[in-house]
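These are the residues of each chain, in order.
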Amino acid sequence: MMLPTFELLEPKSLDEALAALADGGGTPMAGGTNLLPDLRARGKADGRFISLSEIGELRRIDHGEGRAVVGAGTTLTDILRDPAMPTAAPSLVAAAKVFAGSMVRNAATIGGNICYGSPAADIVPPLLSLDAEVALASSRGTRTLALKNYFLDYKKTAKRPDELLISVSWTLPEPGAANLFHKLGRRRGDAITVTGVAVTLAAKEGKCSKARIALGAVAPTVFRAKDAEDALLGKALTEEMIDAAAHAAADACRPIDDIRASADYRLHTAHVLVRRLLMQAWEQVT
Ligand SMILES: Cc1cc2nc3c(=O)[nH]c(=O)nc-3n(C[C@H](O)[C@H](O)[C@H](O)COP(=O)(O)OP(=O)(O)OC[C@H]3O[C@@H](n4cnc5c(N)ncnc54)[C@H](O)[C@@H]3O)c2cc1C
């Protein structure tokens, strides 16, 4: 089906885009890889679109002073091409490698993946496992929010209609920490995630000093399994402890049945993947 006709503004600066958003609104469009298929499926366009693709300041990656800052307009391909990213965010690189195909990766942005609010968004578990923060701007100013507080419910986020997500940032993983991601899909390429898991583990003197477990596609939003994380902290981890934490993570899931997998299968795979990644991570950090 053809795309319906729609009005598209093409601001050249962030201020211009924010003014357009404040003045009568509109829908921001980054790579369009979520929006354009949705438009085509609906067959009609309501309101206007504000393209972000000409705003250079949204497309940047900085690794200064122990912190990585990635502009919302940075594409998945940009992430894969950045030489420092494998150290700054190993899980994010792992997610980018299994994200769609190269044509979509060239257009799809980090900001679009976060803002669409899909529970199956692949870059979100890695970012949650890195304690990322998002910066949101409107013509009234900029605010920063922990990414874990950004997702409110299925496709509902804390972003206000007049705000743009401008960047996502995180403290670089401490030396020796493990940061892993695994995506389970129906096939190897171009598949929507059935279950996605990212973990970060660190150890001090043989005990777990940091644990982050983030799960995708198994609840209305991507989320962190806090009880499972807490069960690991301060302990010299054994296989039994890791298995119990993986059960706690699966208990926190609220999956649905859909065409890709049953809720039961998602629960099972959440347990298996969390256990597997925690085992691998613990081996790396000790
Ligand atoms: C064939 C195909 C395969 C795909 N495979 C995957 C996959 O493997 N994993 C995955 O997670 N996703 C996948 N997707 C979904 C999509 O590519 C991603 O979610 C992508 O990151 C969206 O980014 P975008 O720049 O294209 O967003 P857009 O479609 O432009 O926008 C998405 C949403 O975010 C809003 N938005 C975008 N940028 C901003 C901003 N800076 N501030 C405020 N709001 C903003 C838009 O208004 C819209 O609501 C796939 C899509 C297709 C078509």
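Counting starts from 1 at the beginning of each chain's written sequence and moves along it residue by residue. At least 70 in pLDDT is required for a residue's local features to be given in this predicted model, at least 80 for side-chain atom pairs to be given and counted, and no such filter applies to totals for whole chains, interfaces and linings, which use all residues. Heavy atoms from the whole structure form the basis of all side-chain values; hydrogens and water molecules are not counted.

Would you explain the packing of helix H10 (residues 239–251) against helix H11 (residues 263–285) in this entry?
Packed helix pairs are characterised by how far apart their axes lie and by the angle those axes make with each other. A fitted line through C-alpha atoms serves as each axis, taken over the contacting stretch for helices, and the angle formed by two N-to-C directions is quoted from 0 to 180°. Strands here mean DSSP runs of E at least two residues long; helices mean DSSP runs of H or I at least four residues long; both are numbered from the N terminus. Where H10 contacts H11, the two axes come as close as 8 Å, and the packing angle between them is 140 degrees. One element, H10, and the other, H11, form an angle in the oblique class. Considering the relative orientation of H10 and H11, their crossing is right-handed. For the pair H10 and H11, contact is made by Glu239, Ile242, Asp243, Ala245, Ala246, His247, Ala249 and Ala250 and by Leu267, His271, Val274, Arg275, Leu278, Met279 and Trp282, respectively. Here is the rule for angles: anything less than 35 degrees is roughly parallel, anything more than 145 is roughly antiparallel, 65 through 115 is roughly perpendicular, and the remaining ranges are oblique. Helix crossings get a hand from a simple test, with the near helix turned counterclockwise from the far one by less than a right angle marking a left-handed crossing and a clockwise turn marking a right-handed one. Contacts are assigned to residue pairs with any non-hydrogen atoms lying within 4.5 Å of each other.

I would appreciate a short explanation of the side chain of Glu229 in the present structure.
If you trace the backbone, Glu229 turns up in helix H9 (residues 226–232). Only protein chains enter the accessibility calculation, which uses a 1.4 Å probe; a residue whose area is less than 20% of its type maximum is buried, one above 50% is exposed, and one in between is partly exposed. With relative accessibility at 2%, the residue Glu229 sits in the buried group. In this structure Glu229 touches Ala211, Arg212, Ile213 and Arg224, once residues within four positions along its chain are discounted.

Looking at this structure, how should I read the site of the ligand?
By convention in these notes, a residue is near a molecule or strand provided one of its non-hydrogen atoms lies within 4 Å of it. In the region of the ligand, 30 residues are neighbours, and Pro28, Gly31, Thr33, Asn34 and Thr109 sit closest. Contacts described as polar in this section are N or O atom pairs within 3.5 Å, which, within protein, must combine one atom able to donate a hydrogen with one able to accept it, while residues neighboring in sequence count only if both atoms come from side chains. The side chain of Thr109 places a nitrogen or oxygen atom 2.6 Å from an oxygen atom of the ligand. In the model, an oxygen atom of the ligand is placed 3.0 Å from a nitrogen or oxygen of the Lys183 side chain. At the level of elements, strand S2 (27–29), helix H7 (110–116) and strand S10 (164–171) are the ones that each hand at least two residues to the shell around the ligand. The element contributing the most residues to the shell around the ligand is H7, with five residues. Residues are grouped as follows: Ala, Val, Leu, Ile, Met, Phe, Trp, Tyr, Cys and Pro are nonpolar; Asp, Glu, Lys and Arg are charged; all remaining types, including Gly, are polar. For the shell around the ligand, the per-class residue count stands at 17 nonpolar, nine polar and four charged.

Read these as layout, nothing more, since geometry by itself doesn't imply function.
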